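Each chain, letter by letter, is given below.
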Amino acid sequence: MIEGYSEEEFGTTVHAHVRPAEPISSIELLKGRQKELEEIRRALFAKGRHMFIYGDRGIGKSSLAQTAALQYQSSDSDIIQIGCTRTSTFYEIMQSIAASLVENLDSREIQAKTGINLKFFSFELLVKSSFKPEVPPVGNMEQALNVISDIREIHSEKPIIVIDEFDAIQEAEERYKFAEFLKKMGDSGIYVPIIFSGIAASLDDVLGGHQSSIRQLFPIQLSPISWDSRWDILVEALEAFNIEFDDEIKYRVAGISDGFPYYVHLITEHLLWAIYDDPDTLQIANFNHYNEALKKAVETVQEHIRKPYDLATTRHSQDFHHALWASADTSILHRNIDSIYASYGRIIRDLNHANPQEKLTPIDRKKFSQRLNTLTKPSHGSVLKKMSDNRTGWYQFSENMLRGYVRLLAETNGVQLWMDEAKVPKQLINPRPSPVGSSRRFQSSVPTGIGLKDD
Ligand SMILES: Nc1ncnc2c1ncn2[C@@H]1O[C@H](COP(=O)(O)OP(=O)(O)O)[C@@H](O)[C@H]1O
Ligand SMILES: [Mg+2]
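The model shown is predicted, which means the values in this text are computed figures rather than measured ones.

## Description of the site of ligand 1
Neighbouring ligand 1 are 22 residues, the closest being Gly-60, Lys-61, Ser-62, Ser-63 and Pro-261. Of all the secondary structure elements, the ones that give two or more residues to the shell around ligand 1 are helix H3 (61–72) and helix H12 (261–277). When its residues are assigned to classes, the shell around ligand 1 shows ten nonpolar, six polar and six charged.

Right, here's the structure in full:
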């Protein structure tokens, strides 16, 4: 129970701290990205420079792009932000940018300005029409540059543009037009910085050979957030309600998340509601709440995460679950069969230890290797992929974000997949008895045989 909050007040305050479903745009909530924010801030002092934020889905690209843009944008207007889709074209995106320019415009302010030199829009159209004028299509590079020139003239003191999910644009030609455009913008001397973000392993992935022609594009590659940033999200939310908690809860949530803040937000949100709903305790987070939160997190995880896992495992033997759990063990993203099979052996031992009545017999290495191979097939959601350099027997997840869900599921079954990474004082992750009254599925005891770094 949490005293002093109506459901609505509580929900609103929860949302002020945890955002599993939307990107973050404030510096206070953006954890563990100070270095990147500083890099962007400094890079943008150079006129003519643009940013490209890239990394895995869910790693925090949109959040960093928005927060960095808000930090740059002068307070006299909002940032211009455009999302891309599969079918987006360069000219369409430039037209959307022009459209968001007029959306934010106060025509009286424009009228009051003197000596405005518009190139894309006509002055009359902007100030005279009582409703928002129709935005003309952008049909060539020159017009695209004119849009930028008009933004400089009338948007704000320091405008900035965010182009999110750039990788979604399917036609490579359309993406390459941006490379050409940035170069032309540099030559023209009229400049508005653009922060691009996209899922990619490298700039080459999205810009092909054109990368070298745009020396002005400053790359920022995002990695998982650090351990302390992970638990900062949880700790600040709990502290906002004066809730006491066992430190082990924060380590576990941090470990499960694998550095993807989404999972920390999701589990913390459900943890807070579990405490709110519990009539028996006051302002305390205990392991029953934690287990309830994990269960809810599993049930409410985003569809794009659940679906591939379900495809991989539903109506197949339980080996597929265990093979996936084994693949998400340790912090190493690329692993060979021997190492994954060793994790598998450990997982089966832990499950048998947690539940001696239901003794599981491990499958042999040959069969296990077939299972891993099957998990790369579309029939099984293509959840794993082989390493691109064709080294046989090396695997990684197709989407690293899935590893967090796999860890979450394993944890609800009493198996921990992150202990090797926990660079935290060992005494803080003591084995503890399973919570009274919990079902086997949500046991949280630390299984025996798990070593920490300092062992
Ligand atoms: N640095 C961060 N600190 C706290 N939460 C974050 C951070 N980065 C992202 N998030 C949260 O993680 C989730 C995914 O972030 P998002 O920016 O949408 O990722 P991406 O654009 O890479 O897919 C969102 O719920 C967002 O609120
Ligand atoms: Mg995004």
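Having seen the model, we can carry on.
## As for the pairing of strand S4 (residues 194–199)
Burial analysis of S4 places five of its six residues in the buried class, which makes it a mostly covered element. Where strand S1 (residues 50–55) lies against S4, five bridges are found, and the strand directions are parallel. Along S4, the bridge assignment pairs Gly-55 with Ile-199. Note that strand S3 (residues 161–164) and S4 share three bridges and pair parallel. Within S4, the position partnered with Val-162 by the bridge is Ile-195.

## Quick word on the packing of helix H15 (residues 319–327) against helix H16 (residues 337–354)
Put simply, H15 and H16 touch, their axes get as near as 8 Å, and they point 120 degrees apart. By the angle between their directions, the pair H15 and H16 is classed as oblique. Helix-helix and strand crossings are classified by hand; for H15 and H16 the assignment is right-handed. In this structure, H15 uses His-322, Ala-323, Trp-325, Ala-326 and Ser-327 to contact H16, whose residues at the interface are Ile-340, Ser-343, Tyr-344, Ile-347 and Ile-348. Along the lines of polarity and charge, the residues of the contact of H15 with H16 split into seven nonpolar, three polar and no charged.

## Remarks on the sheet that holds strand S10 (residues 394–397)
Strand order in this open sheet of three strands is S8-S10-S9, and the pairing throughout is antiparallel. One side of each edge strand has no neighbouring strand; the edge strands of this open sheet are strand S8 (335–336) and strand S9 (384–386). In the sheet, S9 pairs with S10 via three bridges, with the strands oriented antiparallel. Bridging across to S10, Leu-384 finds its partner in Phe-397.

## Structural notes on the nonpolar core
Within soluble globular proteins, side chains that are nonpolar generally end up buried alongside one another. Within the largest apolar cluster, 62 residues are counted, with the highest numbers of intra-cluster contacts made by Ile-267, Leu-324 and Trp-325. The element that contributes the greatest number of residues to this core is H12, accounting for nine residues. Every residue in contact with Trp-325, bar those within four places of it in the chain, is listed here: Ile-347, Val-406, Ala-410, Val-415 and Leu-417. Of all hydrophobic cores here, the second largest spans 48 residues; its members include Cys-84, Ile-97, Ile-160 and Met-185.

Analysis parameters
- Residues numbered from 1 in each chain as written.
- Chains lettered and ligands numbered in written order.
- Predicted model: local features only at pLDDT ≥ 70, side-chain atom pairs only at ≥ 80, totals over all residues.
- Near = placed C-beta within 6 Å.
- Helix = DSSP H or I, 4+ residues; strand = E, 2+ residues; numbered from the N terminus.
- Nonpolar A, V, L, I, M, F, W, Y, C, P; charged D, E, K, R; others polar.
- Buried ≥ 20, exposed ≤ 12 C-beta atoms within 10 Å, placed from the backbone.
- Pairing = 2+ DSSP bridges.
- Axes fitted to C-alpha atoms, helices over the stretch in contact; angles between N-to-C directions.
- Parallel < 35°, antiparallel > 145°, perpendicular 65-115°, else oblique.
- Left-handed = near helix turned anticlockwise from the far one by under 90°.
- Contact = placed C-beta atoms within 7 Å.
- Core = buried A, V, L, I, M, F, W, Y, C linked by C-beta atoms within 7 Å.

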